[in-house]
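# Structural overview
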Amino acid sequence: MTIIITGTSSGIGFALAEYFGKKGHKVYGLSRKHTESPYFKSIPTDVTDNTAVQNAIAEVLTTETSIDVLINNAGMGMVGAVEDSTKEDILKLFSLNLAGAVQMMSAVLPGMRHNKFGKIINISSIGSEMGLPFRGFYSASKSALDKVTEAMRYEVYPWNIDVCSLHLGDIKTNIAENRVIATVSEPYKNVFNKVYALMNAHVDEGAEPKEVAEYIEKLLDKKKWKAHYYFGKFGQKIGVPLKWILPQGTYENLMKKYNKLD
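If you look the protein chain up in an unreviewed UniProt entry, it shows as SDR family oxidoreductase from Chryseobacterium gallinarum.

Here the focus is the side chain of Asp-68. Within the secondary structure, Asp-68 is located in the loop between helix H2 (50-61) and strand E4 (69-72). Look at Asp-68: it is buried, it has no salt bridge, and the nearest opposite charge is Lys-26 at 8.5 Å. A distance of 3.3 Å separates polar atoms of two side chains, one belonging to Asp-68 and the other to Ser-66. Excluding its chain neighbours within four sequence positions, the residues that come into contact with Asp-68 are Met-1, Thr-2, Met-112, Phe-117, Gly-118 and Lys-119.

A full pass over the atoms with the stated rule returns 6 aromatic pairs. A ring pair is formed by Tyr-19 and Phe-20, whose centres lie 5.4 Å apart and whose planes are at 85°; its orientation type is edge-to-face. Where Phe-134 meets Phe-192, the ring centres are 5.5 Å apart and the plane angle is 75°; that geometry is what we call edge-to-face. Here Phe-192 lies in helix H5 (residues 189-204) and Phe-134 lies in the loop between strand E6 (118-125) and helix H4 (136-156), a separation of 58 residues in the sequence. The burial state of Phe-134 is the same as that of Phe-192; both residues are buried. Three or more aromatic residues link up through ring pairs in this structure, and these residues are Phe-134, Tyr-188, Phe-192 and Tyr-196. In this structure, Arg-113 is placed above the aromatic ring of Trp-159, and the distance from its NZ or CZ to the ring centre is 5.6 Å. The ring of Trp-225 has Lys-119 lying over it, and the distance from NZ or CZ to the ring centre is 4.7 Å.

Here the focus is the sheet that holds strand E7 (residues 161-168). One open sheet holds the 7 strands; their spatial order is E3-E2-E1-E4-E6-E7-E9, and the pairing between them is parallel. Where the open sheet ends on each side, the last strands, each with one partner, are strand E3 (41-44) and strand E9 (228-231). Taking each pair of neighbouring strands and ignoring which way they run, the sheet shows an average axis angle of 20°. Strand direction decides the pairing type here: strand E2 (residues 26-31) and E3, joined by 4 bridges, are parallel. Bridge assignment links Tyr-28 to a residue of E3, and that residue is Lys-41. Across the face of the sheet, H2 comes into contact with strand E1 (2-6), E2 and E3 while running at roughly 150° to E3. Each of E1, E2, E4, E6 and E7 is contacted by helix H3 (residues 87-115), which is oriented at about 175° to E4, the strand it contacts most.

Across the interface, H3 lies against H4 with an axial gap of 9 Å and an inter-helix angle of 20°. Classified by the angle between their axes, H3 and H4 sit roughly parallel to one another. As for the relative orientation of H3 and H4, their crossing is right-handed in sense. Residues Ile-90, Leu-93, Phe-94, Asn-97, Leu-98, Ala-101, Val-102, Met-105 and Leu-109 of H3 form the contact with H4, whose participating residues are Phe-137, Tyr-138, Ala-140, Ser-141, Lys-142, Ala-144, Leu-145, Val-148, Met-152 and Val-156.

The phi dihedral of Phe-134 falls on the positive side, at around 65°, and the residue is not glycine. Phi at Asn-160 is positive, roughly 60°, even though this residue is not glycine. Position of Asn-160 relative to the elements: it lies in the loop between H4 and E7.

Turning next to the nonpolar core. Ranked by size, the top nonpolar core spans 30 residues in total, and within it Ile-4, Ile-57, Met-104 and Ile-120 carry the most contacts. Among the elements of the structure, E2, H2, H3, H4 and E7 are those that each provide at least two residues to this core. Sort the elements by how many residues they give to this core and H3 lands first, with 9 residues. If near-sequence neighbours (up to four positions away) are discounted, Met-104 is found in contact with Ile-4, Thr-6, Leu-30, Val-47, Val-53, Ile-57, Leu-70 and Asn-72. Ile-3, Ile-12, Ile-121 and Tyr-229 belong to the second-largest nonpolar core, a separate cluster that totals 26 residues.

Cut-offs and rules
Residues numbered from 1 in each chain as written. Predicted model: local features only at pLDDT ≥ 70, side-chain atom pairs only at ≥ 80, totals over all residues. Heavy atoms only, no water. Helix = DSSP H or I, 4+ residues; strand = E, 2+ residues; numbered from the N terminus. Buried < 20%, exposed > 50% of the residue type's maximum accessible area, 1.4 Å probe, protein only. Lys, Arg positive; Asp, Glu negative; His and termini not counted. Salt bridge = Lys/Arg side-chain N within 4 Å of Asp/Glu carboxyl O. Polar contact = N/O pair within 3.5 Å; in protein donor to acceptor, adjacent residues only side chain to side chain. Contact = heavy atoms within 4.5 Å. Phe/Tyr/Trp six-rings, centres within 6.5 Å; stacked < 30°, edge-to-face > 60°. Lys NZ or Arg CZ within 6 Å of the ring centre and 35° of its normal. Pairing = 2+ DSSP bridges. Axes fitted to C-alpha atoms, helices over the stretch in contact; angles between N-to-C directions. Parallel < 35°, antiparallel > 145°, perpendicular 65-115°, else oblique. Left-handed = near helix turned anticlockwise from the far one by under 90°. Core = buried A, V, L, I, M, F, W, Y, C linked by side-chain atoms within 4.5 Å.

Next comes the structure, spelled out in C-alpha cells:
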C-alpha cells in the first residue's frame, strides 16, 4: 500500500514510517524537518500550511497512482492551567492538532473517492475522553478531532473510505520536548510541578512506539472499522468506560488520586 504518515521526524511517526517501510509498503513521511531513512521518503511539510500540504500530496502522486492510507500523527502537547493559557498558544495547538489533520484529509480524499478506497487513522489520545488536569486544551484539541472523525465517517462511507480515531495512552517518546508549556501562575505552581513530574514519569513508563505500529498493522487488516480504538496500558484505558459508568463525583475523585491531586 501507499501510506502517508505525518509527524515522522521523531517518536511515534518515525517508528511507524520505518516499520511499514520495512514491511514493503511505499511510505511517505511528512514533517517540518527532513528525515533520513532508507525505509521511507521524507517530504518536508508544515501541515498547518495548506499550500505546503497540497504540494506534498501532488509530489506523492507524481510517483504513485493512489494514496491508500493516511495516518494523521503530527501533533503537539500543551500543559498548564486553563486560566494561564494564552489565545496564541491555544490557536497554535488547534492549528496543528485539528486544522492540520483536516487539511491532510481534505488533500487525500479526492483521490480516495476516485479509487473508491481509502483508510484514514487520526491519532488521538485516551485523554480526549476526559478533561485532564493541566492538559485541558490538549484534551480539547484531540476531542475536537474525534468529533470531526465521527462526522466524516458518515460523509465518506459511500466511497468505501474508512476513518477512525486511535486513542493512545502514554507512549515512550520525547513528546516533552515539543510541548507548549504555559507560564504557570503562583496559585498553581506547587500542584502543577507535582502533576508535571508524574506526567513525564508516565511517558517514561509507556509502551514502545513499535507496539503502536504493530497495533495499526492489525487495524489495517480489518475490513470495517469502529469509530474509536484504544491502545495503552490497562490503568489508562479503563478510565474511558469508568467515565461512562461512574457518577461524576466518584470519577473525579478517582482522577484526583491517579494524578496525585488528593
